[in-house]
Every structure is written in structure tokens, then in C-alpha cells.
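Spelled out from the first residue to the last, the chains are:
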Amino acid sequence: MPWIEQDPSGFFHIAFRFQGRRFRRSLKTRNRREAELLSARVEENIALVERGRLRLHPSADPAQFLLADGVISAKP
């Protein structure tokens, strides 16, 4: 389950564990509600990967993939 953290500058970061690794990325927002909504999306995307509905390419960055709702804009 992802969680959000706020750094001293006020920006929120998302942190989560996925496939045995810990990830932490900036959400580029100071708005708590927006950060919570993004966290919920990542949680849903993790569940979709675990169910096989989203497929993570082996060369893709897992954190970027989950934050982007499974859309890869560049060739892996």
C-alpha cells in the first residue's frame, strides 16, 4: 500500500513497496488532496499488475509505470 510523505519544502512524495523494492517519487504537488488521489491511483495500478490486468515491461521503471497508469511514452 502506498503512502505519502511531505518534505520540508511542502511537496508531497509517494512511497511504496513493489516486487520487494522500496520506491519514492515526487508527486510535484503541495496539495494534500491531490497527493492522496495520486496515491489511490498507484494503489489501484499495483493491484492491476498483481491481477495481470496491467503488464509491466521488464525494462520499464516500475515507479514511473505505476504513476503513469501503465502508459509508456517511450520505447522500453
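The rules we used
- Residues numbered from 1 in each chain as written.
- Predicted model: local features only at pLDDT ≥ 70, side-chain atom pairs only at ≥ 80, totals over all residues.
- Heavy atoms only, no water.
- Pairing = 2+ DSSP bridges.
- Helix = DSSP H or I, 4+ residues; strand = E, 2+ residues; numbered from the N terminus.
- Axes fitted to C-alpha atoms, helices over the stretch in contact; angles between N-to-C directions.
- Contact = heavy atoms within 4.5 Å.
- Core = buried A, V, L, I, M, F, W, Y, C linked by side-chain atoms within 4.5 Å.
- Buried < 20%, exposed > 50% of the residue type's maximum accessible area, 1.4 Å probe, protein only.
- pLDDT = per-residue confidence, 0-100.

**Comments concerning the pairing of strand E1 (residues 3-6)**
Line of reasoning, step 1. As paired elements, E1 and strand E2 (residues 12-18) share four bridges and run antiparallel to each other. Across the sheet, Trp3 pairs through a bridge with Ala15, a residue of E2.
Line of reasoning, step 2. In textbook terms, the turn of a hairpin is the stretch between consecutive antiparallel strands, and for E1 and E2 this stretch comprises five residues, one of which, Gly10, has a positive phi near 100 degrees.

**Brief notes about the sheet that holds E2**
Line of reasoning, step 1. The antiparallel open sheet is built from three strands, whose spatial order is E1-E2-E3. A single partner strand is all that each edge strand has here, and the edge strands are E1 and strand E3 (21-26). If you compare each strand with its neighbour and ignore which way they point, the axes differ by 25 degrees on average.
Line of reasoning, step 2. Where E2 lies against E3, six bridges are found, and the strand directions are antiparallel. Paired with Ala15 across the bridge in E3 is Arg24.
Line of reasoning, step 3. Contacts from helix H1 (residues 32-51) reach E1 and E2, with the element oriented near 15 degrees to E2.

**Let's talk about the nonpolar core**
Line of reasoning, step 1. Within the largest apolar cluster, 19 residues are counted, with the highest numbers of intra-cluster contacts made by Phe16, Phe18, Leu27, Val42 and Leu66.
Line of reasoning, step 2. Broken down by secondary-structure element, the contributors of at least two residues to this core are E2, H1 and helix H2 (62-67).
Line of reasoning, step 3. The element contributing the most residues to this core is H1, with six residues.
Line of reasoning, step 4. Setting aside anything within four residues of it in sequence, one finds Phe16 in contact with Pro2, Trp3, Arg21, Arg22, Phe23, Val42, Ile46, Ala63 and Leu66.

**Considering the confidence of the model for the protein**
Line of reasoning, step 1. Chain-level statistics for the protein give a pLDDT mean of 92 and a share of 93% at 70 or above.
Line of reasoning, step 2. For the protein, per-element mean pLDDT is lowest for H2, which scores 92, and highest for E1, which scores 97.

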